[in-house]
Amino acid sequence: MLLDVLLYAAAALCASIVLIHLALAAGVLRNRLLDLSARGGPAKPPELSVSVIVAAKDEERCLQELLDSLEAQTLPSFQIVLMDDRSNDSTGRIMERFRSRLGERVKLLRNDREPSVRNPKQFALDMASRAASGEILLFTDADCTVPPGWVEGLLA
């Protein structure tokens, strides 16, 4: 008998918790629909500045493909920060040609000193991050390519 009462009480408590959550969800949905109808549609996200950071060491074989994919982005206004991290090949020259084509939108940095830390790539990325002007920082490797809507998609 006592066990039956406890089971009914537990079931009633569970049911009331579910009903409270359903009521809260309905209220949130109602308020969201009212907001959308008052504004005439979904709100546009705020304009945020973006910097894409690439640190590369001896990546002449694949760097141009990445740079082409960054140039082909659907969002035209973002900074590209390129860090030539002690390269011994033509990585730096490829980066220079890219900067000369895109101008001020590209910031080119060079790290010529051997870092005294355990992770040299992280050291280069940290240097590039400090030089970036964007409110949002995106990182990609030099041996990658990104799809045309990559930056815009990440902002959404």
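For the structure given in this document, a descriptive report is provided here. These numbers come from a predicted model, not from an experiment. (Residues numbered from 1 in each chain as written. Predicted model: local features only at pLDDT ≥ 70, side-chain atom pairs only at ≥ 80, totals over all residues. Heavy atoms only, no water.)

Of all the seven residues making up strand β2 (residues 79–85), seven are buried; the element is thus mostly covered by neighbouring parts of the structure. Both faces of β2 are covered, namely the face carrying Gln79, Val81, Met83 and Asp85 and the face carrying Ile80, Leu82 and Asp84. Here six bridges tie strand β1 (residues 50–56) to β2, and the two strands are oriented parallel to one another. Paired with Ala56 across the two strands is Asp84, which belongs to β2. (Buried < 20%, exposed > 50% of the residue type's maximum accessible area, 1.4 Å probe, protein only. Helix = DSSP H or I, 4+ residues; strand = E, 2+ residues; numbered from the N terminus. Pairing = 2+ DSSP bridges.)

The next point concerns helix α2 (residues 63–71). Looking only at α2, the buried set comprises Leu63, Leu66, Leu67, Ser69 and Leu70. Viewed end-on, α2 has its buried residues packed into an arc of 160°, placing them on one side of the element. Buried residues along α2 sit in contact with β1, β2, α3 (91–102) and α5 (150–155). (Arc of directions from axis to C-beta. Contact = heavy atoms within 4.5 Å.)

Turning next to the packing of α2 against α3. The geometry of α2 relative to α3 is characterised by a closest axis approach of 10 Å and an angle of 20° between their N-to-C directions. In terms of axis orientation, α2 runs roughly parallel to α3. Here α2 and α3 pass one another in a crossing that is right-handed. For the pair α2 and α3, the contacting residues are Leu63, Gln64, Leu67, Asp68 and Glu71 in the first and Thr91, Ile94, Met95, Phe98, Arg101 and Leu102 in the second. Its residues assigned to classes, the contact of α2 with α3 shows six nonpolar, two polar and three charged. (Axes fitted to C-alpha atoms, helices over the stretch in contact; angles between N-to-C directions. Parallel < 35°, antiparallel > 145°, perpendicular 65-115°, else oblique. Left-handed = near helix turned anticlockwise from the far one by under 90°. Nonpolar A, V, L, I, M, F, W, Y, C, P; charged D, E, K, R; others polar.)

As a further point, take the nonpolar core. Ranked by internal contacts, the top residues of the largest apolar core, which has 23 residues, are Val52, Leu70, Ile80, Leu82 and Val151. Where this core is concerned, the elements lending two or more residues are β1, α2, β2, α3, β3 (106–111) and α5. Membership of the second largest hydrophobic core comes to nine residues, among which are Val81, Ala124, Ala128 and Ala132. (Core = buried A, V, L, I, M, F, W, Y, C linked by side-chain atoms within 4.5 Å.)

Before going further, it helps to examine helix α4 (residues 120–131). For α4, which comprises 12 residues, the first-to-last C-alpha distance of 17 Å matches the rise-based estimate of 16 Å (1.5 Å per residue) to within 8%. Within the span of α4, buried status applies to Phe123, Ala124, Leu125 and Ala128. Two or three places before Lys121, at the opening of α4, Asn119 has a side-chain oxygen 3.2 Å from that residue's backbone nitrogen. (Expected span 1.5 Å × (residues − 1). Polar contact = N/O pair within 3.5 Å; in protein donor to acceptor, adjacent residues only side chain to side chain.)

Now for the packing of aromatic side chains. In this structure the tally under the stated criterion is zero aromatic pairs. Positioned above the aromatic ring of Phe78 is the side chain of Arg105, whose terminal nitrogen or guanidinium carbon lies 4.5 Å from the ring centre. (Phe/Tyr/Trp six-rings, centres within 6.5 Å; stacked < 30°, edge-to-face > 60°. Lys NZ or Arg CZ within 6 Å of the ring centre and 35° of its normal.)

Just geometry here; none of it tells us what the structure is for.
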